[in-house]
Amino acid sequence: MTTLNSDVLRTWDELPRQAEILIVGGGLAGLELAKHLDLAGADGVLVLEAGAGHDLQHVYTVNDPVVADRLWTDERSDPYFVRSWESSAEPHFSVGSGIRQRLGGRSLYWHGVLLPIEEFALSDPAWPISVVRDLTHSWRDGPSLYARVQADLAAWGRATPSTANNEICVGRFRFIDPPRSIRRPAVESKHWEAYSPLSHWIERSAGSNVCMVPDVKVIGVLTTDGRADGVVVRNRLTGEEKHVTASKTVLAAATVENTRLAIQTLHASEEPDSASLSGLFDHIVQGFNATVAAADLPPWLVSRARDGAFLYMNGASASRSNLFIQLETAESGDIEMEAWVTAEQERSTAGVVTCTPDGDWPWHVAISTGLSPEDTRTVAAQRRVLAEFWSAWCTQFDLPSNPLDFDFDFISPKRTLRSMHEDMRDHDRAVHHCRPTTWASPLGTEEHEGGTLAFGHVIDENHEFKKVRDLFAIGVSIFPRQGAANPSLTTLALARRLAAILTA
Ligand SMILES: Cc1cc2nc3c(=O)[nH]c(=O)nc-3n(C[C@H](O)[C@H](O)[C@H](O)COP(=O)(O)OP(=O)(O)OC[C@H]3O[C@@H](n4cnc5c(N)ncnc54)[C@H](O)[C@@H]3O)c2cc1C
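Residues numbered from 1 in each chain as written. Predicted model: local features only at pLDDT ≥ 70, side-chain atom pairs only at ≥ 80, totals over all residues. Heavy atoms only, no water.

K.L.:
Would you mind showing me how to read helix H6 (residues 145-156) here?
P.N.:
Residues three or four positions apart in an α-helix share a direction because the helix packs 3.6 residues into each turn. Along its 12 residues, H6 runs 16 Å from first to last C-alpha, staying within 8% of the 16 Å computed at 1.5 Å per residue. Among the residues making up H6, those that are buried are Leu 145, Tyr 146, Val 149, Leu 153 and Trp 156. Summarising the axial view, the buried residues of H6 lie within an arc of 100 degrees, below the 170-degree limit, and thus occupy one face. In this structure, the buried residues of H6 make contact with helix H4 (119-122), helix H5 (129-137), strand S8 (182-183), strand S9 (193-194), helix H7 (199-202) and helix H12 (488-503). Note on H6: the residue one or two positions beyond its end, Arg 158, has a positive phi of about 50 degrees. (Helix = DSSP H or I, 4+ residues; strand = E, 2+ residues; numbered from the N terminus. Expected span 1.5 Å × (residues − 1). Buried < 20%, exposed > 50% of the residue type's maximum accessible area, 1.4 Å probe, protein only. Arc of directions from axis to C-beta. Contact = heavy atoms within 4.5 Å.)

Below you can see the structure in the form of structure tokens.
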């Protein structure tokens, strides 16, 4: 069983009552920050994690791929799934939207796709110039943060540059392997894992200055004279509460929890009238699935599907989308194609996190969301891209071109990716070859939620709250725009940046 050394992993009874740097949340962002603080020799680093700390392996390492898929497509199957808010905009930020409350967080589920935020989004003045320079150009007189994270994660994955030409061209669509940070125990293995910063402690024999305490939920941040000086914590198992003081506190509890903690803190100090923060976004994702008889496709493509092809194409800035395809072989021998576009949702006043200030922490959280006029144009542009791709696919492989029909409004989708997967698991379902079935992912289910504590709005370019000193934030909540790219390369890069700021 994979565990952490008892010097690192402590119990509630051993909870330090004082820390130099206290990190709220032991997921991808919080642990990456802790790792870089450790590498920099920082003392007194304490990670408080609301979930359990005994199960530290990636879901695709320990489960059959079908079971692992279900853990994230069907929230009922995952004992760590938690949604700590109520949605006022169902189906958005509702079923399928939540966090995985466990040490490691969603770093134990993610698929390792590592894409930089595109220039069209980073060139927006909403991103501070210093942050963009560090991410893309040069950081601390050396390579950029993006280049450093990509190099380190390639080394972690023991990646050797692929010489194989894996691209698939369909008309004007040219798909390539997306850069990913994953590794397998053996080349042919069906098991794999994506990078988790937990590996820093699991694979390390040297000691560590970092201390982690699981089953400890931070319910509020304490402030004195506009400065954060500690937190109130609750034992998840017994309900007991304690205070922990800290010189610096970093919110790394994923977007919605970060926002709740921020609202409570701002309300107590600077802004007693406001109990909400806006700017909440997720990616806008729509797609379709189609089943094609293997005999109707060229053998090289059938063979790629047998290996489980997963490819992407960087989209044009006009649709602010990336296009992905996944090809698999069904038990029947048919080829299943899933194609989807991931697009930037505008950071707007449509997405709001609101708390009910009823005295006791944690405050109740409600989420409302919707599409801005710009988002509505994005939805239409995505549908055109998908229809064009489907038509090109049918032409290229000489298949009947049944129309790609989006028979629903994005805001009230008839079918979601999750319901689609549910249907596909039904062995008795009727299969209509070459008839595409469209779906849309409700906002909040893409796991890329962010925007509420954005640079410039809530935090300054050093990640510190503008209105509460010694309080910092990390994760997708601090992105002022996220482009079409999956966010974790940027999350990891900014965690490293914050570690350097905190130890300067
Ligand atoms: C199936 C899946 C596939 C994905 N694939 C990709 C991909 O390929 N590429 C990509 O870029 N992104 C991907 N993501 C998204 C990525 O995993 C997340 O964006 C990322 O993990 C967010 O990091 P985080 O640390 O902010 O949040 P999390 O990883 O969710 O960690 C937050 C942690 O904080 C803890 N916490 C919450 N509240 C409290 C509290 N009050 N006190 C103490 N602890 C608390 C939680 O329990 C959790 O452990 C994927 C996600 C999923 C689920």
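K.L.:
What's the story with the sheet that holds strand S15 (residues 284-292) in this structure? I'm lost.
P.N.:
The pairing of strands in a sheet happens through backbone hydrogen bonds and is either parallel or antiparallel. The five strands lie next to each other as S16-S17-S18-S15-S21, forming an open sheet whose pairing is antiparallel. Looking at the sheet topology across the chains shown, the edges are occupied by strand S16 (309-314) and strand S21 (437-441). The mean inter-strand angle of the sheet, taken between neighbouring strand axes irrespective of direction, is 20 degrees. Where S15 lies against S21, five bridges are found, and the strand directions are antiparallel. Its bridge partner being in S21, Asn 289 is matched across the sheet by Thr 437. The sheet contacts of helix H10 (residues 373-396) involve S15, strand S17 (321-329) and strand S18 (335-343), and relative to S15 the element is tilted by about 20 degrees. (Pairing = 2+ DSSP bridges. Axes fitted to C-alpha atoms, helices over the stretch in contact; angles between N-to-C directions.)

K.L.:
Even after reading the chapter, I still don't get the pattern of salt bridges, so can you show me in this structure?
P.N.:
Side chains that differ in sign of charge can pair as their charged atoms come close. Taken as a whole, this structure holds 31 salt bridges when the rule is applied. The salt bridge partner of Arg 83 is Glu 75, with a shortest N-O separation of 2.9 Å. Since its relative accessible area comes to 18%, Glu 75 is described here as buried. A salt bridge links Arg 320 to Glu 374; the nearest nitrogen and oxygen atoms lie 3.7 Å apart. Here Arg 320, found in the loop between S16 and S17, pairs with Glu 374, found in helix H10; they are 54 residues apart in sequence, far enough to count as distant. The exposure class of Arg 320 is buried, given its relative accessible area of 10%. Via salt bridges that share partners, Asp 78, Arg 100, Arg 106, Arg 418, Glu 447 and Glu 449 belong to a single interconnected network. (Salt bridge = Lys/Arg side-chain N within 4 Å of Asp/Glu carboxyl O.)

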